[in-house]
Each structure stands twice: as structure tokens, then as C-alpha cells.
Amino acid sequence: MSSGGCSIVWFRRDLRVEDNPALAAGVRAGAVVGVFIWAPEEEGQYYPGRVSRWWLKNSLSHLDSSLRNLGTPLVTKRSTDSVSSLLEVVKSTGATQIFFNHLYDPLSLVRDHRAKEILTAHGITVRSFNSDLLYEPWDVNDEHGQPFTTFDAFWERCLSMPYDPQAPLLPPKRIISGDVSRCPSDTLVFEDESEKASNALLARAWSPGWSNANKALTTFINGPLIEYSKNRRKADSATTSFLSPHLHFGEVSVKKVFHLVRIKQVFWANEGNQAGEESVNLFLKSIGLREYSRYISFNHPYSHERPLLGHLKFFPWVVNEGYFKAWRQGRTGYPLVDAGMRELWATGWLHDRIRVVVSSFFVKVLQLPWRWGMKYFWDTLLDADLESDALGWQYISGTLPDGREFDRIDNPQFEGYKCDPNGEYVRRWLPELARLPTEWIHHPWNAPESVLQAAGIELGSNYPLPIVEIDAATVRLEEALIQMWRLEAASRTAAENGTEEGLGDSSESAPIAFPQDIQMEERPEPVRNNPLHGTRRYQDQMVPSMTSSRVRVEEEETSSVRNSAGDSRAEVPTNVNAQQNAREAVNQGVLHNANRNTRQRHNNTTTFWLRNAAEDSTAESSSSTRRERDGGVVPEWSPPTSNFSDQFVDDENGIGATSPYLQRHPQSHQLMSWTRLPQTG
């Protein structure tokens, strides 16, 4: 530990004074300067949306007030380069140490590693800590030391780890402030004039800030939690925890949530309250899904851009901006979908069950590219979270090994009677249907004309007819799956015949352009050759090592993910679109020779193996001693610059509840590891 000077605590998505390991380390070391750097340009295409920025503004104000009460202000800086701003703060304050907490999305992994390299080169001691997860991703592996590829196996391992998650830390009693006289704060602007009126409405429903997060947690544990297993599917009432935005911004730690809920579970177990125990298990599973999203993101850094199952890269997505606009505006003609999309736009929030319905409709009925939906969620959700967003959309799109079957369409009419049986949710957000009897509220197109007239509804005028009929969507989806399998088989044949040789990575087609109003700007991260400094402490962040994406990996090669402990450097390809040539060759040379019998065989196979569902599974928790890791250098990983948070939790068909793809179709459903994912957007 360096002597003299003060310590900088770099706040990011850990906006709390309680259970904050970086802050605790700073307080133990002596004088502290708390710093928050607003550099949204670093996020590239994932520039925070309006409601996220509103939440961040209020959460930072709350944090600043708390820190001042403890003895030091929060220094805020506006920047386009976080590391450069940190160096400026170091020079102006005389700091000798910097502490921060880990993040796990690809952008942060690269930025944090770069920060450690540069700051260490300037003689600054840098330490980082786990503040966002129960267990670090590199600590949860199977018996062979490999990352898990299904949620159930991952979560069972978490619940049976030989040591419990660390207990949450108390807030510091007081903080000795470092000298900030030469380090004035910048004024941060999070909203423009056009956004203020809409943002003012958010304050009626939400209270950002770490102490408010604790209140929300206490309210949930002492209220809805006990009936969570029974009520969690209801969209017409407050049945979930509403903790996801608090968790995303780090206003409450997942360790605190886990420990308090487990204490409640032990209490109910002693009382013999089985319903309470079941509720806790199901709620902890939702916490596990959040953990899993970080786990997937760490082990598959391109999961927000590429499907994890290789065959889905051949799916013929429908590029229809008219469909996309109707979905966004809540004008699809399906009341539950439209109510959900209007609530999302108005409030920045959606019940997790409604998220499943609207995203499934997006992918299965409209067949729009799942990344479009993921980006729209990112732009509009209060709890927008890259890792959770990617996990949820991959699950819905059938691109997870234990995700939802791709040919399964959730009929919004039937889903409506499950989560909104009395139609109150639809009436709240679709006032044009408010007078429609409950019998017809979820399928007004079937209502008698007299009923529609009495309710003041003219389909096609003041409420749209269904944009796509479900039966037609089912047929179209089956045809698309047939085409997908033919393309996948053709690509495999081309690879076996060597026709793809020399064309670079042919594992992906050219990226589908985003609609103009959500166009993503691509800013590839340059390859860096900075020397590594020192060894990694146990608490320090690990960064995946990447192999060149231009090296074609044979189809027969195992696709399980490997955490490399080596120091191999990333290689960013210069010709990232070379794979287009391979796809064109496949289409022209092989696909058009497929006959009708092959089409029918693929149809029968596809519709047969893709129909299964099972009940949720839960696991008991046990623990004992803690394990220490060896030190070592941290390999560099340089992906391109390129976050739905209570995940898509569903008691009947959530992640881990369906028959795994890998078991039913092992050869075609190969998990795409990060060593095989192209480094393109």
C-alpha cells in the first residue's frame, strides 16, 4: 500500500455508500476523493436513453448528499475519455491510489483494463473489487474448469459453492476528505429542455437513490415476497420487487438482497411456510438470471451482437421498418402487446412477463431482428442493462442452449388471460378499448359488431386490426426455420468441401442495418500494445483473452467456452465483412439445388424437436470455506466499441425450464464461444 497522498474512489454503477468495497478500501487507506466521470460517448451505440439519464441524474444527487454528510463531496467530471480525466484528477489532488468496482460488459472490461495499464504506468496503485455479483464469473466453473453453458447448471453451482457470498458491508461512519480545492466539479447535463416534461412524470412513480433502494427492498421482503410464487405473473398489480433499476445503477448490492432474502427463507422454513420458501426460491432464481447475464457477457463478449447457437445466424430476419414502428407505437392490433409498448414509452418500465410477451411477438410473429428490439429496450427502459438485455433477447430468440424453442409462438390472446385476466392492464394503457367487455378484451377482432359498436370501437380506425394473423405467422415461421436449416446445411457442406477457404470468417452474414432513428455508430476499439504491469490480486478484474476471429474454426471442433489464463493478445480483423462472399457462394452454389423432399424432411424434423416445456427447477444452498486464487498477469482483450433487467423470468418456460437444445440436436446446436464470434457489429 502506497504511503502519503489520498485515494480516489471511482464511482460508476455502484452509486451507494453501503456495501461498497471500493469506498471501504478508500476509507481504510486514509483521505478519499470520490469521483464520477460522465463520458457517454465512450458507450458508442449504447449511449444511455432518456429515462436512464434521468435516473442517473437523481441517483448521483442522492449519492453526493450522502457523501457530503459523511465528510467529502462527489467530484463530477464531463469527459470523452475516462482514463484521461482520472489522470487529471490524480494530478490535481495528489492521489496515489485509485479504487473501483468491477463491471462485466465488454466496453467496461476493455476500458477498465486500459485504465489499469495507463494508471499503473504513471505510478498509481490501482485495485478493483467485486461489488456487483455474488461470485466472480471466473470462479464458477464445472468439474473440468470450464464455464457452464446452461443456466440451471450455473445456478446450481452458485447455490452449492463451498463458500457463501461475502456479507454486505456497513457504510463508513465518516470519510476524511482529500484536497479537492484544485479539482472543481463540472456541471453534468443529463436532459435537454424537450425531455424535462416527460421526465417530471417519472418522479411520481420512482425514487432513485441508494437509501430509497433499501426502502424498496424492505417493502418487497416484508410484503409481496411471501406471495411471489403465486402473483409474480400478474401484470395488473405490483407483484414484483421493482429493484432492477436500483440494481443496475448499484444503489443496492445483490449481496445484500441475497442475504436478506435468505434470512427470510430460513425464518419461513422454521415456520413450515412452504409457500414462502417456494417464493424465495423463485425470486432468487431471478437474481440468478441477473448473475448469469454477467457470466454470459464475460465468457461470450459478443452476446449482445451475435447468437450463441451457431445455426441461428442463418435465420432470415424480416427487415420491415413498418412492423418495427407499429410495434414501438403499440399499434399491432394485439391488446396485450400494445398495452405493454405504450406503458414502456410512458413510464420506462415493463413487468417481466410483459417483456416476454412483447419481445416474443417481435421475434416470432413479426420476425424482426432481435438486436433491433434489444436496442429499443436499451433506449427506453429505466433498468436498461446490456448484459441482462442481451440474455433476455437471446433467450426469446432461441439462441441460448436452454432458451425458448424458436418455433414456439406465444399467442398474446392466451397470454393476456394469464397475466391480465380481468383486462385491467389493457384498459389502463389502451383507453380506446376501455369499454370492451372482458370476454373480448384480448381479442377484439372476434367480438360481434354490436359489441364493438357499443364499446365505441371501429377496428382499423380507432384501433388497428392485427398486423399479422397468428396462424399466418406460424406458417411463415416454419418456412423461415426450413430456410435456416437449409442454409446451415449448405454452409456446413461448403465448409467440408473447402469452398470457404481464404474467405475469412464466414460464420456470420453482413450485419442488418438498424432503422435510421436508432442507427448505431460503430467505433472499433483499436488494438493496443501497452505492456502489462505487475501481478493480479485476488480481487482484481480478469479480462478474457481473444483469438483472431479471422481464423476459421472447423465445425467439428468443440464449442465449449474456455477462459484463457494466457497472455495472448487480441487481433481485430481489418476486413470484417469478408464473410459476405462465403454466404453468397453458399446461396448460389448449394441452396437452390435443394429439392422439395429435403424441404419436407427439414419441416418435419424442425416442428418435432422444437416442441417441449417443463417446470422450473430450484436448488438448495450450502456453503463453508473460502478459496483464494493465484495471482497472474491479466491478458488484454480488445473488442469493438459497441446494456430488461429483472430478466425474462417465467415460471412455466423461463431460462433453464425447457429441454436443452444441446441435448435434442447436439450437432447443429453448437454453442458459439468467444473464440469463434466475429469482432464486427
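Remember, predicted model here, so these are calculated numbers, not experimental data. (Residues numbered from 1 in each chain as written. Predicted model: local features only at pLDDT ≥ 70, side-chain atom pairs only at ≥ 80, totals over all residues. Heavy atoms only, no water.)

> Would you take a moment to explain the overall build of the protein chain for this structure?
Along the protein chain, the regular secondary structure elements total 23 helices and five strands. Expressed as a percentage of its 681 residues, the buried residues of the protein chain come to 61%. Carbon and sulfur atoms make up 49% of the accessible area of the protein chain, which totals about 26000 Å². (Helix = DSSP H or I, 4+ residues; strand = E, 2+ residues; numbered from the N terminus. Buried < 20%, exposed > 50% of the residue type's maximum accessible area, 1.4 Å probe, protein only. Areas by Shrake-Rupley, 256 points an atom, 1.4 Å probe, with all protein chains shown as cover.)

> Looking at this structure, I do not really get unusual backbone geometry. What am I missing?
Across residues other than glycine, the phi torsion is negative in most instances, and most of the peptide bonds are trans. A positive phi is found at Asp 19, a non-glycine position, where the angle reads about 50°. Mapped onto the elements, Asp 19 comes out in the loop between β1 (7-11) and α1 (21-29). Owing to a relative accessible area of 5%, Asp 19 belongs among the buried residues under this scheme. A positive phi angle is found at Gln 367, which is not glycine, with a value near 55°. Checked against the element boundaries, Gln 367 lands in the loop between α14 (352-365) and α15 (370-380). A relative accessible area of 1% means that Gln 367 is categorised as buried.

> Even after reading the chapter, I still don't get the packing of helix α7 (residues 210-221) against helix α10 (residues 254-271), so can you show me in this structure?
Two quantities define a packed helix pair, namely the angle between the helix axes and the distance between the axes. Direction vectors running N to C along α7 and α10 enclose 20°, while the axes themselves pass 11 Å from each other. Classified by the interaxial angle, the pair formed by α7 and α10 is roughly parallel. For the crossing formed where α7 meets α10, the hand is right-handed. Of α10, the residues touching α7 (which contributes Asn 214, Leu 217 and Ile 221) are Lys 256, Val 257, Leu 260, Val 261, Lys 264 and Trp 268. By residue class, the composition of the contact of α7 with α10 is six nonpolar, one polar and two charged. (Axes fitted to C-alpha atoms, helices over the stretch in contact; angles between N-to-C directions. Parallel < 35°, antiparallel > 145°, perpendicular 65-115°, else oblique. Left-handed = near helix turned anticlockwise from the far one by under 90°. Contact = heavy atoms within 4.5 Å. Nonpolar A, V, L, I, M, F, W, Y, C, P; charged D, E, K, R; others polar.)

> Explanation requested: the packing of helix α12 (residues 321-329) against α15 in the structure shown.
Between α12 and α15, the least distance of the axes is 12 Å, while the angle of their chain directions is 35°. For α12 against α15, the interelement crossing comes out right-handed. Contacts from Glu 321, Phe 324, Trp 327 and Arg 328 in α12 reach Trp 372, Gly 373, Tyr 376 and Phe 377 in α15. The class makeup of the residues in the contact of α12 with α15 is five nonpolar, one polar and two charged.

> Whenever I open this one, the pattern of salt bridges confuses me. Can you help?
Oppositely charged side chains can form a pair if their charged atoms are brought close together. Scanning the model with the defined rule gives 24 salt bridges in all. Between Lys 256 and Glu 18 there is a salt bridge, with the nearest N and O atoms lying 2.7 Å from each other. A residue pair is termed long-range when its members are at least 10 positions apart, and Lys 256 in helix α10 and Glu 18 in the loop between β1 and α1 qualify at 238 residues. For the residue pair Lys 256 and Glu 18, the accessibility class agrees, reading buried in each case. Here Asp 81 ties to Arg 114 by a salt bridge, and the two come within 3.2 Å at their closest N and O atoms. Highlighted residues: Asp 81 in the loop between β3 (74-78) and α3 (82-93) and Arg 114 in helix α4 (residues 106-121), separated in sequence by 33 residues. Classification of Asp 81 by relative accessible area gives buried; the value is 19%. (Salt bridge = Lys/Arg side-chain N within 4 Å of Asp/Glu carboxyl O.)

> How do you make sense of the nonpolar core when you look at a structure like this?
Here is a general trend for soluble globular proteins: nonpolar side chains tend to be buried in one another's company. Among the nonpolar cores identified, the biggest contains 101 residues, and Phe 154, Leu 225, Val 257, Phe 283, Phe 315 and Trp 327 are the most heavily contacted of them. Considering each element in turn, this core owes the most residues, nine residues, to helix α11 (residues 274-299). Ranked by size, the runner-up nonpolar core spans 30 residues in total, among them Ala 22, Val 32, Leu 188 and Trp 349. (Core = buried A, V, L, I, M, F, W, Y, C linked by side-chain atoms within 4.5 Å.)

> What am I meant to see in α11 here?
An α-helix turns once per 3.6 residues; consequently, residues spaced three or four apart project the same way. The terminal C-alpha atoms of α11 lie 36 Å apart, and with 26 residues this matches the ideal 38 Å at 1.5 Å per residue to within 8%. By the N-cap criterion, in which a side-chain oxygen at the helix start approaches the backbone nitrogen of a residue two or three places on, α11 is capped by Asn 273, the distance to Ala 275 being 3.3 Å. (Expected span 1.5 Å × (residues − 1). Polar contact = N/O pair within 3.5 Å; in protein donor to acceptor, adjacent residues only side chain to side chain.)

> What am I meant to see in the packing of aromatic side chains here?
A ring pair, where both rings are aromatic, is described by two values, the distance of the centres and the angle of the planes. Scanning the entire structure with this criterion turns up 35 aromatic pairs. A ring pair is formed by Trp 54 and Trp 55, whose centres lie 6.2 Å apart and whose planes are at 80°; its orientation type is edge-to-face. Here Trp 54 and Trp 55 have matching classes, each one buried. Feature note: the residues Phe 324, Trp 327, Phe 362, Trp 372, Tyr 376, Phe 377 and Trp 393 constitute an aromatic cluster, connected by ring pairs. Arg 328 extends its terminal NZ or CZ atom over the ring of Phe 324, reaching a point 4.7 Å from the ring centre. A cation sits over an aromatic face here: Arg 355 above Trp 349, 5.0 Å from the ring centre. (Phe/Tyr/Trp six-rings, centres within 6.5 Å; stacked < 30°, edge-to-face > 60°. Lys NZ or Arg CZ within 6 Å of the ring centre and 35° of its normal.)

> What exactly am I supposed to notice about the sheet that holds strand β2 (residues 32-38) here?
The strands making up a sheet associate through hydrogen bonds between their backbones, and the pairing can be parallel or antiparallel. Strands sit in the order β3-β2-β1-β4-β5 across an open sheet of five strands; the sheet is parallel. The sheet is open, and its two borders are formed by β3 and β5 (125-129), each paired with just one other strand. When strand polarity is set aside, the average angle formed by the axes of neighbouring strands in this sheet is 25°. Both β2 and β3 contribute to a ladder of five bridges, which runs parallel. Counted as the bridge partner of Trp 38 is Arg 78 from β3. (Pairing = 2+ DSSP bridges.)

> Help me understand α10 in this model?
Between its first and last C-alpha, α10 extends 26 Å over 18 residues, near the 26 Å set by a 1.5 Å rise per residue. Those residues of α10 that fall on the buried side of the exposure criterion are Val 254, Lys 255, Lys 256, Val 257, Phe 258, Val 261, Gln 265 and Trp 268. Gly 272 sits one or two positions beyond α10 and adopts a positive phi of about 75°.

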